[in-house]
Amino acid sequence: MAKEKNASSSSKIWWITFGLVCGATFLTRFYKVLEPDHVCWDETHFGKMASSYINRTFFFDVHPPLGKMLIALSGKLTGYDGTFHFEKPGSKFEGARYEGMRIFCTTLGALIIPLTFLTIWEMTKNLDATVIGTLLLLCDVGFLTLNRYILLDPILLFFMSCTIYGVFKVRSLTDEGLAPFSARMLAWQLWLGAALACTISVKFVGLFVVLFAGLRTLADLWNVLGDLTKPVSYTVKHLIGRSITLIIWPILLYVFFFWIHLTVLSKSGNGDGFYSSGFQARLEGNSLNNASAPRVLAYGAAVTLKNHRTGGGYLHSHHHLYPAGAGAKQQQITTYTHKDENNKWIVKPYDREQVAGVVLVRSGDLVRLTHAATGRNLHSHRERAPMTGKFMQVTGYGEDGVGDANDVWKIIVSGGKDGDEIQTVRSKLVFIHYLQSCALTTTGKQLPKWGFEQQEVACNPNLRDNNALWNVEDNVFDQLPKMSFEVYASSFLERLVESHAVMLHGNAGLKPKEGEVTSQPWQWPINYRGQFFSANSHRIYLLGNPVVWWGNLAFLAIFFVLFIVNSIREKRAQAFGRIVEGDSSLLNAAGWNFVGWALHYVPFWAMGRVLYFHHYFPALVFSSMLTGIITVYLLQSIKSYLSRELGRAVYQGATGLVVSTTVYSFHLFAPLAYGMSGPLANEPNSTVAGLRWLDTWEF
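Residues numbered from 1 in each chain as written. Predicted model: local features only at pLDDT ≥ 70, side-chain atom pairs only at ≥ 80, totals over all residues. Heavy atoms only, no water.

Quick look at the overall build of the protein chain now. Of regular secondary structure, the protein chain possesses 16 helices and 16 strands. For the protein chain, the C-alpha atoms occupy an extent of roughly 105 × 75 × 50 Å along the three principal directions. By residue count, 54% of the 699 residues in the protein chain fall in the buried class. Sequence-distant contacts in the protein chain: of pairs separated by 6 or more residues, those separated by 24 or more amount to 74%. Counting only carbon and sulfur atoms, one obtains 60% of the accessible surface of the protein chain, whose full area is about 30700 Å². Charge centroids of the protein chain, computed over 61 positive and 51 negative side chains, lie 7 Å from each other. (Helix = DSSP H or I, 4+ residues; strand = E, 2+ residues; numbered from the N terminus. Buried < 20%, exposed > 50% of the residue type's maximum accessible area, 1.4 Å probe, protein only. Contact = heavy atoms within 4.5 Å. Areas by Shrake-Rupley, 256 points an atom, 1.4 Å probe, with all protein chains shown as cover. Lys, Arg positive; Asp, Glu negative; His and termini not counted. Charge placed at Lys NZ, Arg CZ, Asp CG, Glu CD.)

To continue, consider the environment of Arg 382. Following the sequence through the fold, Arg 382 ends up in strand β7 (residues 377–384). Sequence spacing of Arg 382 and Phe 168 is 214 residues, and the spatial spacing of their C-alpha atoms is 63 Å. Once residues lying within four places of it in the same chain are set aside, the contact partners of Arg 382 are Met 392 and Gln 436. Within polar-contact distance, the side chain of Arg 382 engages the side chain of Gln 436 at 3.2 Å. (Polar contact = N/O pair within 3.5 Å; in protein donor to acceptor, adjacent residues only side chain to side chain.)

All right, on to the nonpolar core then. Of all hydrophobic cores here, the largest spans 135 residues; its most connected members are Ile 71, Phe 143, Phe 617 and Phe 699. The greatest single-element share of this core, amounting to 13 residues, is contributed by helix α7 (residues 153–175). When residues no more than four places from it in sequence are discounted, the contact partners of Phe 143 are Arg 29, Ile 112, Ile 113, Leu 137, Leu 157, Phe 617, Leu 620 and Val 621. Membership of the second largest hydrophobic core comes to 33 residues, among which are Val 361, Trp 409, Leu 429 and Phe 477. (Core = buried A, V, L, I, M, F, W, Y, C linked by side-chain atoms within 4.5 Å.)

Here the focus is the UniProt feature "transmembrane region" (unreviewed entry) in the protein chain. Mapped onto the present numbering, the UniProt feature "transmembrane region" (unreviewed entry) falls at residues 13–31, 101–121, 127–144, 188–218, 239–260, 547–565, 586–604 and 616–635. Along residues 13–31, the helical share is 95% and the strand share 0%, with 27 Å between the first and last C-alpha atoms. Along residues 616–635 the backbone is 95% helical and 0% strand, and the end-to-end C-alpha distance reaches 28 Å. (UniProt positions renumbered as here; feature names shortened; annotations may be inferred.)

One pass over the full model with this rule turns up 1 disulfide. A sulfur-sulfur distance of 2.0 Å marks the disulfide that ties Cys 438 to Cys 459. Here the disulfide of Cys 438 and Cys 459 is right-handed, its torsion about the S-S bond being about 95°. With Cys 438 in the loop between β10 (429–433) and β11 (439–446) and Cys 459 in strand β12 (residues 455–460), this pair connects stretches of sequence that are 21 residues apart. The buried category is assigned to Cys 459, whose relative accessible area is 0%. (Disulfide = S-S within 2.5 Å.)

With that out of the way, let us pick up the packing of aromatic side chains. Applying the stated criterion across every chain, the model contains 54 aromatic pairs. Taking the centre distance of 4.9 Å and the plane angle of 80° together, the rings of Trp 14 and Trp 15 count as edge-to-face. Judged by relative accessible area, Trp 15 falls into the exposed class, the value being 54%. Consider the rings of Trp 15 and Phe 18, whose centres lie 6.1 Å apart with planes at 80°: the pair is edge-to-face. With a gap of 3 residues between them, Trp 15 and Phe 18 both fall in helix α1 (residues 2–30), about one helical turn apart. For Phe 18, a relative accessible area of 15% puts it in the buried group. Note that Lys 306 overlies the ring of Tyr 314, its terminal NZ or CZ placed 5.4 Å from the centroid. Above the face of the Phe 279 ring, Arg 495 is positioned so that its terminal group lies 5.8 Å from the ring centre. (Phe/Tyr/Trp six-rings, centres within 6.5 Å; stacked < 30°, edge-to-face > 60°. Lys NZ or Arg CZ within 6 Å of the ring centre and 35° of its normal.)

Now for the pairing of strand β15 (residues 531–534). Strand residues, when the strand is regular, have side chains that alternate between the two faces of the sheet. Pairing between β15 and strand β16 (residues 540–542): 3 bridges, direction antiparallel. Across the sheet, residue Ser 534 finds its bridge partner in β16, namely Ile 540. Linking β15 back to β16 in an antiparallel pair, the connection comprises 5 residues. (Pairing = 2+ DSSP bridges.)

Applying the stated rule across the entire model yields 21 salt bridges. Here Asp 153 and Lys 203 are joined by a salt bridge, their closest N and O atoms 3.4 Å apart. Of the two residues, Asp 153 is situated in helix α7 and Lys 203 in the loop between α8 (183–200) and α9 (207–226); the sequence distance between them amounts to 50 residues. Assigned by exposure class, Asp 153 and Lys 203 land together as buried. Within this structure, Glu 122, Lys 125 and Lys 169 form a network of salt bridges that share partners. (Salt bridge = Lys/Arg side-chain N within 4 Å of Asp/Glu carboxyl O.)

Take the UniProt feature "domain: MIR" (unreviewed entry) in the protein chain next. In this structure's numbering, the residues bearing the UniProt feature "domain: MIR" (unreviewed entry) are residues 294–350, 358–414 and 419–475. Between the end C-alpha atoms of residues 294–350 the distance is 22 Å, and the span holds 0% helix and 47% strand. In residues 419–475, helix accounts for 0% and strand for 44%; the two terminal C-alpha atoms are 20 Å from one another.

This brings us to a nonpolar patch on the surface. Judged by side-chain polarity, Phe 181, Trp 222, Leu 225, Val 232, Val 236, Ile 240, Ile 244, Ile 247, Ile 248, Ile 251 and Leu 252 come together as a nonpolar surface patch covering roughly 1100 Å² of accessible area. Those elements that provide at least two residues to the nonpolar patch are α9 and α10 (232–264). When residues in the nonpolar patch are grouped by element, the largest group, 8 residues, is from α10. Within the secondary structure, Phe 181 is located in the loop between α7 and α8. You can call Phe 181 partly exposed: its relative accessible area is 43%. (Patch = residues over 30% accessible without salt bridge, like charges linked within 9 Å, V, L, I, M, F, W, Y side chains within 5 Å.)

Let us now look at the pairing of strand β6 (residues 366–371). Taken across its 6 residues, β6 has 6 buried, putting it largely inside the fold. Burial along β6 is two-sided: Leu 366, Arg 368 and Thr 370 facing one way and Val 367, Leu 369 and His 371 facing the other are all buried. Taken together, the 5 bridges between strand β5 (residues 344–349) and β6 define a ladder with antiparallel strand orientation. Residue pairing for β6: Pro 349 is matched across the bridge by Val 367. Sheet topology places β6 next to strand β9 (residues 409–413); 2 bridges connect them, and they run antiparallel. Paired with Leu 366 across the strands is Lys 410, a residue of β9.

Here we take up the side chain of Thr 696. Summarising the element assignment, Thr 696 is placed in the segment after α16 (644–674). Engagement of the side chain of Thr 696 in a polar contact is seen with the backbone oxygen of Tyr 528, the distance being 2.4 Å. With residues near it in sequence (within four places) discarded, Thr 696 still touches Tyr 528, Arg 529 and Tyr 541.

The following block contains the structure:
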């Protein structure tokens, strides 16, 4: 009877605590949620993309589509019509129905807190550790700021939290001995599989939590295999069940999300040029959709040439010259990923301006390419390329098609033979400079502002350059019969594969824009520098709560020491045949959180792309949970060395100090999330000067 009463009392305390956490989450997340009423930080990107979905206009982005589709859906359902331009940070919404999208993202961001509570409880069954770990996230002003705007981050972190909870729920059911194909086990595994698919469908960094779930699943299967009371067939059933629910099911969902993405974005947009001619032929309004062109290339045709590099653009020129110090001061040649009249070239014989009748261009022919808009010929010489010194410069040279011998190129069909016809779209072409014996290529390097940040074109002495492949896309020549571009259109699977190639290429090549605030991985755990979300009179500054962040950093180090010490103790105890006393479940839970933190932080050190402060926040979830668990582990250890009364007093006093300090620090730094006005912290009479603990904090 007493046990039942204690269990009932504990359950009531648990629910009251959970209710208080949910209430505090609601209050802190939705307070001033619609302020400021202007575009903040990356809302300018994801708001535009939501508008594109609503208008069904194709665009290019480096992230998978699910998060952006959900933002668009929330906007559509709450009255947003997709007409606001989200031009730049600071743009006033002025009647645009942005509220639904912002509240949707905030709601998902808010749900992370109760999910964290449930996750720590599932790991430890310890209410104190659960409360402290959850409170650290609840009271982090940086976590609050990041999860209140029209961004992918709250959606990513929500699905990541669903995944972590699912991982440990499945572990608990496995430890309870639930049958592999029981309804409850399958339901939670399907939840976990769906969460995995959704996480990686928002951003590719979701792969880190997929790896985490994979490691935890292998550990579960290893434990099942080690249970000698069960036959090996029992482990095989678990393996089959998890292969279906955690591999096949997520893959199907992931592909389904892309099918929706490619079906909805059916109209041509400004992202078309990043994709192949076959991909573009599926987009309504694109020049290749429902269009026709001659099947083969003839002299005198006006063409566009598309590079075969992933995300490659069109061969392009304009009236501007290369500046001093960038080779000869002749007309610039670039690749450009958008459709433009400056992408058009006239194909001519190398030795005359025109031919009589219809003469087909064939592999092995010597040709000149004259830029249609400026009349200058495609030209190369022994000047160094502006960005890639080992390649030769490519320029526009001559007047009205009249130049010199350095304008002559040999056109070759890759994999073909001399005399082969040049087919529109299908033929992969290499242009070899006749005198310099180098291949026309694009290096993928972005030119400075003088080149309008377009891609460098150069001539590579290595004729086997994989990026020196081109195809004829537009082919205007009225004297040849035309055929429909429908025959070139890519299938869904081809578009799926190409979408990933272009996204991954774009992601790897992201570079900082001029004046943009970036950061390095070493700066993140120490909260070295924040980032402005809104720099107007209503200032919002993304910065972690220093009490939480520096505390987390200290506890990561403490855990590492505890892990080493405990491993030595266990090894020595085994040698002497003794049993190690203490609650190993807390240390085990902390260990998995350390693994999760490392998986979400360490890989960034190896990345060459541009990085930002907000990339650390998935790792913050794990480090906060670890801090809560290790805090209780240490207090329990200290308590065990003291008398019962003194131990209880020390435990409760220390817990109260941790909780009150965390809550007060949130109160102190809350203006960073809810909005600041007046002078900056480094200026006289600033109301937030006392919060500037580091000189690198710029609010």
